[in-house]
Amino acid sequence: AQSVTQPDIHITVSEGASLELRCNYSYGATPYLFWYVQSPGQGLQLLLKYFSGDTLVQGIKGFEAEFKRSQSSFNLRKPSVHWSDAAEYFCAFNDYKLSFGAGTTVTVRA
Amino acid sequence: DAGVIQSPRHEVTEMGQEVTLRCKPISGHDYLFWYRQTMMRGLELLIYFNNNVPIDDSGMPEDRFSAKMPNASFSTLKIQPSEPRDSAVYFCASSSGSRSEQYFGPGTRLTVT
């Protein structure tokens, strides 16, 4: 079955350090992949998307993600984390219905 | 554009009461989605519409839940009668294509006592 998996439930990172969030998908064809961020008490905000083409995708807030077909992955990265990046991050897969991973909670320490 | 608008933002009601959640999608979007978010089950798709027509309601948990979209700018999700296990955050989202990115509203936090 098509699915998306986020292996890390919780990640703690120091402010200014780099961040990488993992996402693995299971799908036979080229998937439509997204990363969303949800701050506490807020809705989901789209960070970036991948449909086709260049496998390195730039998003908002300094985030980027790389699609790797050989590894069935779509990991999210940010070179230098700010305290405001503390939130929950969701990888999502769209096969005419958007299916979300379980989410990764990011804590930023000073 | 104001984005997806949901009302109310918070709803507290007693078990057995009817609850109606409202959503206004982004103008020009032809897909509308209703999701529920809980700690135990994460984000679940309840139902989605295309051009005001319900396409897939397989995620609607029970007959107590119903959704309508009378026109392109308005949708409701109704729970009647409500139960404590319906307590969750309900999100509405819209998109301009079946596989396009979805834009989410701020959500309605429902508490059923």
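A brief look at the structure comes next.

On to the state of the cysteines, then. Tallied over the entire structure, the rule returns 2 disulfides over all chains. Here Cys-23 of chain A is linked by a disulfide to Cys-91 of chain A, with a sulfur-sulfur distance of 1.9 Å. Taking the sign of the torsion about the S-S bond as the criterion, the disulfide between Cys-23 of chain A and Cys-91 of chain A, at about -60 degrees, is left-handed. A residue pair is termed long-range when its members are at least 10 positions apart, and Cys-23 of chain A in the loop between β3 (19-21) and β4 (24-26) and Cys-91 of chain A in strand β10 (residues 87-94) qualify at 68 residues. With respect to class, Cys-23 of chain A is no different from Cys-91 of chain A; both count as buried. Cys-23 of chain B shares a disulfide with Cys-92 of chain B; S-S distance 1.8 Å.

So, on to the layout of surface pockets. The space that makes up the largest pocket amounts to roughly 670 Å³. Residue lining of the largest pocket: 32 residues in total, with Gln-38 and Glu-88 of chain A together with Gln-37, Thr-38 and Met-39 of chain B positioned closest to the centre. Every element with two or more residues in the lining of the largest pocket is listed here: β10 of chain A together with β4 (31-38), β5 (42-50), β9 (88-95) and β11 (108-112) of chain B. Taken together, the residues of the lining of the largest pocket break down into 13 nonpolar, 15 polar and 4 charged.

One can find Asp-86 of chain B in the loop between β8 (74-79) and β9. Contact partners of Asp-86 of chain B, with chain neighbours within four places excluded, come to Arg-36, Arg-64, Phe-65, Ile-79, Pro-81, Leu-110 and Val-112 of chain B.

What follows concerns the pairing of strand β8 (residues 64-68) of chain A. All names here are of chain A. In terms of strand pairing, strand β7 (residues 56-58) meets β8 through 3 bridges, oriented antiparallel. Opposite Leu-56, over in β8, you have Glu-66 as the bridge partner. Between the antiparallel neighbours β7 and β8 lie 5 residues, among them Lys-61 with a positive phi of about 60 degrees. Examined bridge by bridge, β8 and strand β9 (residues 73-78) share 5 bridges and lie antiparallel to one another. Opposite Glu-64, over in β9, you have Arg-77 as the bridge partner. If you look at the hairpin formed by β8 and β9, you'll find 4 residues sitting between the two strands, and Ser-72 has a positive phi there, around 50 degrees.

We now examine the sheet that holds strand β3 (residues 19-24) of chain B. All names here are of chain B. If you trace the 4 strands from one edge of the open sheet to the other, you get β1-β3-β8-β7, paired in antiparallel fashion. The strands lining the two open edges of the sheet, one partner per strand, are β1 (5-7) and β7 (65-71). Mean inter-strand twist for the sheet, computed between neighbouring axes without regard to direction, equals 15 degrees. The pairing of β3 with β8 spans 5 bridges and is antiparallel. Looking at the pairing, Cys-23 lines up with Ser-75 of β8.

Cut-offs applied
- Residues numbered from 1 in each chain as written.
- Chains lettered and ligands numbered in written order.
- Predicted model: local features only at pLDDT ≥ 70, side-chain atom pairs only at ≥ 80, totals over all residues.
- Heavy atoms only, no water.
- Disulfide = S-S within 2.5 Å.
- Helix = DSSP H or I, 4+ residues; strand = E, 2+ residues; numbered from the N terminus.
- Buried < 20%, exposed > 50% of the residue type's maximum accessible area, 1.4 Å probe, protein only.
- 1 Å grid on protein atoms, 1.4 Å probe; cavity = no way out; pocket = protein on both sides within 12 Å on 5 of 7 lines; lining within 4 Å.
- Points joined across faces, edges and corners; volume = space filled by probe spheres on them.
- Nonpolar A, V, L, I, M, F, W, Y, C, P; charged D, E, K, R; others polar.
- Contact = heavy atoms within 4.5 Å.
- Pairing = 2+ DSSP bridges.
- Axes fitted to C-alpha atoms, helices over the stretch in contact; angles between N-to-C directions.

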